[in-house]
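Remarks on the overall topology
As a plain string of letters, each chain reads:
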Amino acid sequence: ASVSFRAFLELSRLHDASPFDVIHFPDWQGHGYYSVLAKRLGIGLEGAVTCVMTHGPLRWARLGNGESLYDPSDLECDFLERSTIRLADVLVSPSRYLIRWIKDKGWAVPEGSVHVQPYLTPNTGGGEGEGRKVAGSNPVDEIVFFGRWEARKGVRTFCDAVGGLVAVMAER
C-alpha cells in the first residue's frame, strides 16, 4: 500500500502542475489504488481518466499455480488489486478470458468501460512486407524465458522445449 500512496502523492503533485488527460496503472499489486480512490472521492486527480491494464492479479496467478493466498500481505494485495479495478474509470485487458475470470470471481469492474486490447506482435502491424526477419545463418547465442517464473506463464513448456532443442542439437 505504501507504493500506491507514494505514487498518488507524486502524481497529484505533477497533475497539479500540469494536468494529465489519462493515467495508466497496472492491476498488479494495486499500485493505482490511492490514486483511483482519491479521484472517485473527488479529492484528487480531477479531470484525468484513470485506466487500469490487467495482466493477471495475484489471486489469478496463485490459483493457476495450485496455490492460495497464504499470508496477510497477500490479502492486502488482493484487496488493493480488486479495489483498483473497481474504482478505475476504464479497465483494459489483453484478453476476454481475463475479463471473464475477473467477473466470474465476483470482482466489480467499471461497467461500460471494459475493453480488450490484445498485445501487439510483429505480425499484427498489417503492412506489406513487415514482420520479423527469419533467422538465417546467424547463430543463436541464448534463449530467454520472459515471464513470471511459474507454471501458468509457461515455464514448464519452455523448459521442455529447451530440453527438446538440446536433444536435437546433440544429434547433429
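Structure report, in brief. As the structure is a computational prediction, the values presented were derived from the model and not from experiment. (Residues numbered from 1 in each chain as written. Predicted model: local features only at pLDDT ≥ 70, side-chain atom pairs only at ≥ 80, totals over all residues. Heavy atoms only, no water.)

Before going further, it helps to spend a moment on the packing of aromatic side chains. Applying the stated criterion across every chain yields a total of six aromatic pairs. Here a set of aromatic residues connected by ring pairs shows up, and it is made of F5, F8, Y33, Y34 and F79. (Phe/Tyr/Trp six-rings, centres within 6.5 Å; stacked < 30°, edge-to-face > 60°.)

Looking at where S83 falls in the secondary structure, it is placed in helix α4 (residues 72-87). Once you skip the residues sitting within four places of it in the chain, S83 turns out to touch Y33 and V36. (Helix = DSSP H or I, 4+ residues; strand = E, 2+ residues; numbered from the N terminus. Contact = heavy atoms within 4.5 Å.)

Right, let's talk about the sheet that holds strand β2 (residues 49-53) for a bit. One key point about sheets: their strands pair by backbone hydrogen bonds, in either a parallel or an antiparallel sense. Ordered in space as β1-β2-β3-β4, the four strands form an open sheet in which the pairing is parallel. In this open sheet, the two edge strands, each paired with only one partner strand, are β1 (22-26) and β4 (114-116). Pairs of neighbouring strands in the sheet enclose a mean axial angle of 25°, with direction left out of account. Pairing between β2 and strand β3 (residues 90-93): three bridges, direction parallel. (Pairing = 2+ DSSP bridges. Axes fitted to C-alpha atoms, helices over the stretch in contact; angles between N-to-C directions.)

Before going further, it helps to spend a moment on the nonpolar core. In terms of nonpolar packing, the biggest core is built from 23 residues, with I23, F25, V52, I85, L91 and I102 touching the most fellow members. Listed by contribution, the elements that provide at least two residues to this core are α1 (2-17), β1, α2 (33-41), α3 (58-64), α4 and α5 (96-104). Once you skip the residues sitting within four places of it in the chain, I85 turns out to touch D27, V52, L91, I102, W107, A108, V109 and P110. (Core = buried A, V, L, I, M, F, W, Y, C linked by side-chain atoms within 4.5 Å. Buried < 20%, exposed > 50% of the residue type's maximum accessible area, 1.4 Å probe, protein only.)

Attention shifts here to unusual backbone geometry. The phi angle of most residues is negative, glycine excepted, and most peptide bonds adopt the trans form. At Q29, a residue that is not glycine, the phi angle is positive and equals roughly 65°. Among the secondary structure elements, Q29 is positioned in the loop between β1 and α2. Not every positive phi belongs to a glycine, and L45 is a case in point at roughly 55°. With respect to the element layout, L45 can be found in the loop between α2 and β2. Residue L45 is classed as buried on the basis of its relative accessible area, which comes to 2%.

What follows is about the packing of α1 against α2. With their axes 7 Å apart at the nearest point, α1 and α2 run at an angle of 55° to one another. Put simply, α1 runs oblique to α2. Taking contact as the criterion, the partners of S4, F5, A7, F8 and L11 in α1 are, on α2, Y33, Y34, S35 and A38. (Parallel < 35°, antiparallel > 145°, perpendicular 65-115°, else oblique.)

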